[in-house]
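A closer look at the structure
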Amino acid sequence: MTQAHPAERIVVLTGAGISRESGLETFRDADGLWSRHDINDVCTPEGFQRDPMLVSRFYNGRRAELAHVEPNAAHRALAELEQAARDGRWHGELLIVTQNIDDLHERAGSRNVVHMHGELRRLRCMSCGATPEWLDDCQPQTPCPACRHPTLRPDIVWFGEIPLHMERIQAALSACDRFVTIGTSGTVYPAAGFVAEVRDHADTLDINLEAPAIPALFDRTLVGPATRMVPQWVAEILGS
């Protein structure tokens, strides 16, 4: 009896670089959002407590941006790899862990996506814990659709808060055969430490516009735009 080849388990970590190529503004670039907004005002629990209207307007603007951008070739290539697993063209499992708060992975067709920093198109009720999908503007007086209390906030992980879904992420990292970073700066923890966690059991690959700050952490690097390099890598996986 022939033993089945075990499925390859890939964890992909995506950062701002993949969404930038769709036209979304990033936070950390020299001309990014932090150059025009004080992070203490719009990205901390204390800022929200001081001026909930200011924070609401900021995230309403970010949410509205999503209507004007589309998934790019990198998002679509990752969705194609997941689809290949579903229809039997690739014997593997793919989990996308994203630091991004947009929904471009999902709109490209990916289903197995974990948003460790939250989602722009969700709100979180501080009274009942509901996290309703939300496409429109939200104001401080907007009632929660579940409990009707006006205690909604963006479902975003702010500075000083713990990233979401860490148990699921850690379990996937400990079991993966391949770990790939795409368009991430490698400076924001805990995500920046993921590659060190997997080096003893997984192949590692970095796809970015520039070589990683510590190249020795990765077995391989692909330098170039995600819209070109990610489809190339996915074609390589499917071809093998």
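Residues numbered from 1 in each chain as written. Predicted model: local features only at pLDDT ≥ 70, side-chain atom pairs only at ≥ 80, totals over all residues. Heavy atoms only, no water.

Describing the overall build of the chain
Broken down by element type, the chain carries 9 helices and 8 strands. Residues counted as buried form 46% of the 240 residues belonging to the chain. Intrachain contacts of the chain at a sequence separation of at least 6 include 63% that bridge at least 24 residues. Surface accessibility of the chain: about 12,000 Å² in total, with carbon and sulfur atoms responsible for 52%. Taking the 23 positively charged and 33 negatively charged side chains of the chain as two groups, their mean positions are separated by 3 Å. (Helix = DSSP H or I, 4+ residues; strand = E, 2+ residues; numbered from the N terminus. Buried < 20%, exposed > 50% of the residue type's maximum accessible area, 1.4 Å probe, protein only. Contact = heavy atoms within 4.5 Å. Areas by Shrake-Rupley, 256 points an atom, 1.4 Å probe, with all protein chains shown as cover. Lys, Arg positive; Asp, Glu negative; His and termini not counted. Charge placed at Lys NZ, Arg CZ, Asp CG, Glu CD.)

Quick word on the sheet that holds strand 1 (residues 8–14)
What the 6 strands build is an open sheet, ordered 3-2-1-6-7-8; its pairing is parallel. Edge strands, defined here as strands with exactly one partner in the open sheet, are strand 3 (113–115) and strand 8 (220–223). In this sheet, neighbouring strand axes are inclined to one another by 15° on average, regardless of whether the strands run parallel or antiparallel. Relative to strand 2 (residues 92–98), strand 1 runs parallel, the two sharing 7 bridges. Across the sheet, the residue bridging to Glu-8 is Gly-92, located in strand 2. Across the face of the sheet, helix 9 (residues 226–239) comes into contact with strand 1, strand 6 (178–182), strand 7 (203–208) and strand 8 while running at roughly 135° to strand 8. (Pairing = 2+ DSSP bridges. Axes fitted to C-alpha atoms, helices over the stretch in contact; angles between N-to-C directions.)

Focus on the UniProt feature "binding site: substrate" (unreviewed entry) in the chain
UniProt records the feature "binding site: substrate" (unreviewed entry) for Tyr-59 and Arg-62 in the present numbering. Relative to the helices and strands, Tyr-59 is located in helix 4 (residues 52–65). Exposure remark for Tyr-59: the relative accessible area of 1% places this residue in the buried category. Sequence-distant contacts of Tyr-59, defined by excluding residues within four places in its chain, comprise Val-42, Cys-43, Leu-120, Pro-154, Ile-156 and Trp-158. Given the relative accessible area of 13%, Arg-62 is considered buried. (UniProt positions renumbered as here; feature names shortened; annotations may be inferred.)

Comments concerning the UniProt feature "binding site: NAD(+)" (unreviewed entry) in the chain
With numbering aligned to this structure, UniProt lists the feature "binding site: NAD(+)" (unreviewed entry) at Gln-99, Asn-100, Ile-101, Asp-102, Gly-183, Thr-184, Ser-185, Asn-208, Leu-209, Glu-210 and Ala-226. A maximum C-alpha distance of 22.9 Å is found for the annotated residues, which run over 128 residues; spatially they are spread out rather than grouped. On the secondary structure map, Ile-101 appears in the loop between strand 2 and helix 6 (104–108). When you line up the elements, Thr-184 lands in the loop between strand 6 and helix 8 (194–198). Judged by its relative accessible area of 10%, Thr-184 is buried. Here Thr-184 is in contact with Leu-13, Gly-15, Gln-99 and Asn-208, once residues within four sequence places are set aside.

Brief notes about the packing of aromatic side chains
Evaluated as defined, the whole model comprises 3 aromatic pairs. For the ring pair Phe-48 and Trp-158, a centre distance of 5.5 Å and an interplane angle of 40° mean the geometry is tilted. Of the two residues, Phe-48 sits in helix 3 (residues 45–50) while Trp-158 sits in the loop between strand 5 (152–156) and helix 7 (166–175), which places them 110 residues apart along the sequence. Here the two residues Phe-48 and Trp-158 agree in accessibility, since each one is buried. In textbook terms, an aromatic cluster arises when at least three aromatic residues are bridged by ring pairs, as seen for Phe-48, Phe-58, Tyr-59 and Trp-158. Stacked on the ring of Phe-58, the Lys or Arg Arg-62 has its end atom at 4.8 Å from the ring centre. Over the ring of Trp-158 we find Arg-153; its NZ or CZ atom is 3.8 Å from the centre of that ring. (Phe/Tyr/Trp six-rings, centres within 6.5 Å; stacked < 30°, edge-to-face > 60°. Lys NZ or Arg CZ within 6 Å of the ring centre and 35° of its normal.)

Looking at the nonpolar core
Counting residues in each nonpolar core, the largest one holds 23 residues, and the members touching the most others are Val-12, Leu-78, Val-180, Ile-182, Ile-207, Val-230 and Trp-233. Residue assignment for this core shows that the elements contributing at least two residues are strand 1, helix 5 (73–86), strand 2, strand 6, strand 7 and helix 9. Of the residues forming this core, the biggest block, 6 residues, is contributed by helix 9. (Core = buried A, V, L, I, M, F, W, Y, C linked by side-chain atoms within 4.5 Å.)

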